[in-house]
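Observations on chain architecture
Each chain, letter by letter, is given below.
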Amino acid sequence: GLLYAREGKPREAAAELRTTLAYCPEDCRAHRYLGELYGMQLNDREKAVLHLEVFLELCPADRMSEDVRALLNKLTW
């Protein structure tokens, strides 16, 4: 998924990350990356918020938690 994202292919990246979550539904990174993709590139605020909230629920102390909270605030206010 990240390779597609780096190549500027957000839809393909999201598809790969959704596949990751089908096998590993508690993968924090996949939720974070999906939240970022949906929020910043695919313009789907609802899906972005969902994945970012799941990330914070699963990994509240992750080093990226503050950045995720900031993006979540931006998307919800």
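Residues numbered from 1 in each chain as written. Predicted model: local features only at pLDDT ≥ 70, side-chain atom pairs only at ≥ 80, totals over all residues. Heavy atoms only, no water.

It is worth spelling out the overall build of the protein chain at this point. Along its length, the protein chain carries five helices and zero strands. Beginning at the N terminus, the succession of helices and strands in the protein chain can be written as α-α-α-α-α. On C-alpha atoms alone, the protein chain measures out to a radius of gyration of 11 Å, which is about the 11 Å that the 2.2 N^0.38 rule sets for 77 residues. Projected onto its principal axes, the C-alpha coordinates of the protein chain cover approximately 25 × 25 × 20 Å. Split into buried and exposed, the 77 residues of the protein chain put 38% on the buried side. Put simply, 35% of the contacts in the protein chain that link residues at least 6 apart link residues at least 24 apart. If you sum the accessible surface of the protein chain, you get close to 5,200 Å²; carbon and sulfur atoms cover 50% of it. Between the mean site of the 11 positive side-chain charges and the mean site of the 13 negative ones, the protein chain shows a separation of 5 Å. (Helix = DSSP H or I, 4+ residues; strand = E, 2+ residues; numbered from the N terminus. Rg over C-alpha atoms; globule rule 2.2 N^0.38 Å. Buried < 20%, exposed > 50% of the residue type's maximum accessible area, 1.4 Å probe, protein only. Contact = heavy atoms within 4.5 Å. Areas by Shrake-Rupley, 256 points an atom, 1.4 Å probe, with all protein chains shown as cover. Lys, Arg positive; Asp, Glu negative; His and termini not counted. Charge placed at Lys NZ, Arg CZ, Asp CG, Glu CD.)

A positive phi angle is found at Asn43, which is not glycine, with a value near 50°. Within the element layout of this structure, Asn43 appears in the loop between helix 3 (28-40) and helix 4 (45-58).

Turning our eyes to something else, we now look at the state of the cysteines. Scanning all chains against the criterion turns up one disulfide. Here Cys24 stays unpaired: no disulfide links it, and the sulfur of Cys28, its closest cysteine neighbor, is 11 Å away. A residue is classified by how much of its surface remains accessible, and Cys24, at 41% relative accessible area, is partly exposed. (Disulfide = S-S within 2.5 Å.)

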